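Understanding the architecture of this molecule
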Amino acid sequence: MNSSLRSSAAHVFVESLDDPVLAEVDVHHLVRVLRLRDGESVSASDGLGSWRMCRFVTGAGLSPAGDIATEPVAEPQITIGFALPKADRPEWIVQKLVEIGVDRIVILHAERSVVRWDTERAQRHLAKFDRIAREAAMQSRRVRLASLEGPTEVMSLASAGVAVAEPGGIPVQISNPTILIGPEGGWSGPELAAFTT
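Bear in mind that the values here come from a model prediction, so they are computed numbers and not experimental data.

Bringing helix 4 (residues 119–139) into the picture now. In a regular helix each residue adds 1.5 Å, so 21 residues correspond to 30 Å; helix 4 covers 30 Å between its end C-alpha atoms and thus fits that length. Elements in contact with the buried residues of helix 4: strand 1 (10–13), helix 2 (24–33), helix 3 (89–99), strand 7 (104–109) and strand 8 (147–153). The opening residue of helix 4 is Asp118, an N-cap whose side-chain oxygen sits 3.3 Å from the backbone nitrogen of Glu120. Looking one or two residues past helix 4, Arg141 carries a phi angle of roughly 60 degrees, positive in sign.

Pasting the structure below:
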């Protein structure tokens, strides 16, 4: 991580780095929660890998204070798919996956999944996950936002190089940067056959 990103008082996402305008929720966070003062450094990112240093100006938001830099896309892109657990654990899972640098998160419906979302419920939860992922990316100073997908049927991801969290599954290595985590009841026989052969 660039040392400027690490040393900034806060990190935010904006639509344009040429004219960095803060979202209302971010203004509240910087002013009321972090209590930033005029002139403190804030790193701003477009969520697509570009970022720049800015100065916080009370009442005006951000003033650019450095050149725009772009971080290269990490290779390989890391994908984690997980079957939905009960209660509020999905929110925690999304937060932690973003904090450790996962690039793509896929919500799975497995054969033995206890929790299944219909379309309306999925849209509501994915909007919440987007907010959680954005906040986690700000906290961990990421310049790229993780993509969130799903829910999707686990068998739609069956392909070479996908590892499953299961004894006997394909080992995790650079050549298979996609890891799937099953439901509380474990993978079904057909699912295991699709991912361990």
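The next subject is unusual backbone geometry. Following Glu75, the chain continues into Pro76 via a peptide bond in cis, with omega recorded as 0 degrees. The residue Pro76 is located in the loop between strand 5 (69–70) and strand 6 (79–83) in this model. The amide bond that connects Gly150 to the next residue, Pro151, takes the cis arrangement and shows omega of -5 degrees. Mapped onto the elements, Pro151 comes out in strand 8. One non-glycine residue, Arg35, lies in positive phi territory at about 55 degrees.

Right, let's get into the pattern of salt bridges. Pairing is possible between side chains of opposite charge, provided their charged atoms come close. According to the stated counting rule, one finds eight salt bridges in the structure shown. The shortest N-O distance in the salt bridge between Arg134 and Asp26 comes to 2.5 Å. Separated by 108 residues along the polypeptide, Arg134 in helix 4 and Asp26 in helix 2 bring together distant segments of the chain. What makes Arg134 partly exposed here is its relative accessible area of 22%.

Now for the packing of aromatic side chains. In total, this model carries one aromatic pair according to the counting rule given. Here the guanidinium or amino end of Arg89 rests over the ring plane of Trp92, the centre of that ring lying 4.7 Å away.

Cut-offs and rules
- Residues numbered from 1 in each chain as written.
- Predicted model: local features only at pLDDT ≥ 70, side-chain atom pairs only at ≥ 80, totals over all residues.
- Heavy atoms only, no water.
- Helix = DSSP H or I, 4+ residues; strand = E, 2+ residues; numbered from the N terminus.
- Expected span 1.5 Å × (residues − 1).
- Contact = heavy atoms within 4.5 Å.
- Polar contact = N/O pair within 3.5 Å; in protein donor to acceptor, adjacent residues only side chain to side chain.
- Salt bridge = Lys/Arg side-chain N within 4 Å of Asp/Glu carboxyl O.
- Buried < 20%, exposed > 50% of the residue type's maximum accessible area, 1.4 Å probe, protein only.
- Phe/Tyr/Trp six-rings, centres within 6.5 Å; stacked < 30°, edge-to-face > 60°.
- Lys NZ or Arg CZ within 6 Å of the ring centre and 35° of its normal.

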